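Chains, contacts and geometry: an overview
One-letter residues, chain by chain:
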Amino acid sequence: MSKLAFTPAVTLGDIVDLERYPITNRSHPAYQQLVARSQSLLGEEGVAIFPGFVRDEVVASMADQTLALHPRMFPFRENHTVYFKPQDDSVEPTHPLRRLMSTEKDTVAYADIPTDHLIRQIYQSDDVLSFIRDVLNLDVLYRHADPLAALNLQGFSAGQQLGWHFDRSDFSVTLSLQAATAGGDFEYVRMLRNENDDCYDAVGQFLDNPATQKIEVLPQVPGTLTLFRGRYSLHRVTPVVGDRLRLNAVFAYVDQPNVEFSDYARKLFYGRTSVEPLV
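By the naming in an unreviewed UniProt entry, the chain goes by Fe2OG dioxygenase domain-containing protein and is assigned to Pseudomonas mohnii. Listed in UniProt under the heading Sequence similarities (unreviewed entry), the comment for the chain reads: "Belongs to the iron/ascorbate-dependent oxidoreductase family."

Here it is as structure tokens:
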């Protein structure tokens, strides 16, 4: 199978399977059925996946382009609570606010993604933006304005993982570019907390004994677009095994214009506060 080379003539239809996902024709009944079905899945299960959203040959090219950037990725290493709240030494050692999870990943910031990387064409597409907005059933949706956080490429080497956590945002949008040799699965526990209750007891019991909850698994299949509501569903990426990196793209969308990260968040996630690359 030949890989797609980037040229200015590459269209969204060259990248996205528009027959399976007719996102450029929002008035078509097939599009409306796709959105309605996806909204239902997102509401009932907290996740909607779109296998084969990006064509196989394009995903292979995106993976190659991303692997070439791996030496320039920022190594994010953090111990955190599942709530991303500060560790509270006043509670008992088994309390979720006392226990630390480990996250290790390598990240390419938006400003460091070359203009000829095919992933940019997806993120900059108004048709993709409108599709995601429709599935989320939002009146407005914007691309993130932060020059570092708007679009990220992530690589997970052997042993790297995302520790159990709840997201701070209402939803996430990711595209799988390459699966690891083994491991690197996305695991989640649906609705383990809610808007009014952090459910410390249930979360603590799960961290003690995962058998207390049903763990669902989303294997990472290249070309799959995933929308996930992680504010209330506990989730993680299991440790990667083997030499092949787990690669994915993270698209940042928000419901307010001109949103940017604080200097603290930029320093934490990208090792710098400006768009100038790390030396």
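Ranked by size, the top nonpolar core spans 49 residues in total, and within it Phe-50, Met-62, Ile-119, Phe-131, Leu-175, Phe-251 and Tyr-253 carry the most contacts. Among the elements that line this core, the one with the most residues is helix α5 (residues 126–136), at 6 residues. If near-sequence neighbours (up to four positions away) are discounted, Ile-119 is found in contact with Met-62, Ile-113, Leu-151, Leu-153, Leu-175, Leu-177, Ala-249 and Phe-251. Core analysis: the second largest hydrophobic core is formed by 13 residues, Tyr-83, Trp-164, Phe-206 and Leu-234 among them.

The 7 strands lie next to each other as β1-β11-β7-β14-β5-β3-β2, forming an open sheet whose pairing is antiparallel. Two strands lie at the open edges of the sheet, namely β1 (47–50) and β2 (74–80), each paired on one side alone. Sheet twist, expressed as the mean angle between neighbouring strand axes with direction ignored, is 30°. Here strand β5 (residues 151–156) pairs with strand β14 (residues 246–251) via 6 bridges, running antiparallel. When the sheet's bridge partners are listed, Gly-155 is paired in β14 with Leu-247. Contacts from α5 reach β1, β7 (172–178) and β11 (225–228), with the element oriented near 35° to β11.

So, on to the sheet that holds strand β6 (residues 162–165). An order of β6-β12-β9-β10 is seen for the 4 strands of this open sheet, with the pairing classed as antiparallel. Both edges of this open sheet fall to β6 and β10 (216–218), since each of them pairs with a single strand only. Averaged over all adjacent pairs, the angle separating strand axes in this sheet is 15°, with direction ignored.

Reading the values: rules and limits
All residue numbers refer to positions counted from 1 along the written sequence of the respective chain. This being a predicted model, a pLDDT of at least 70 is required before a residue's local features are given, and a value of 80 or more before pairs of side-chain atoms are given or counted; all residues contribute to the totals for chains, interfaces and linings. Hydrogens and water are ignored here; the side-chain numbers use all heavy atoms of the structure. UniProt positions are given in the numbering used here, feature names are shortened, and annotations may be inferred rather than shown by experiment. The term nonpolar core refers to a set of buried residues drawn from Ala, Val, Leu, Ile, Met, Phe, Trp, Tyr and Cys, joined through side-chain atoms within 4.5 Å. Between buried and exposed lies partly exposed: a residue is buried under 20% and exposed over 50% of the maximum accessible area for its type, with that area taken using a 1.4 Å probe on protein chains only. Where helices and strands are cited, they refer to DSSP runs of H or I of at least four residues and of E of at least two residues respectively, numbered from the N terminus. By the convention used here, residues are in contact when the closest approach between their heavy atoms is within 4.5 Å. Pairs of strands are assigned from DSSP output, requiring at least two bridges between the strands. Here an angle of 0 to 180 degrees is reported between the N-to-C directions of two axes, which are lines fitted to C-alpha atoms, with helices fitted over the stretch in contact.

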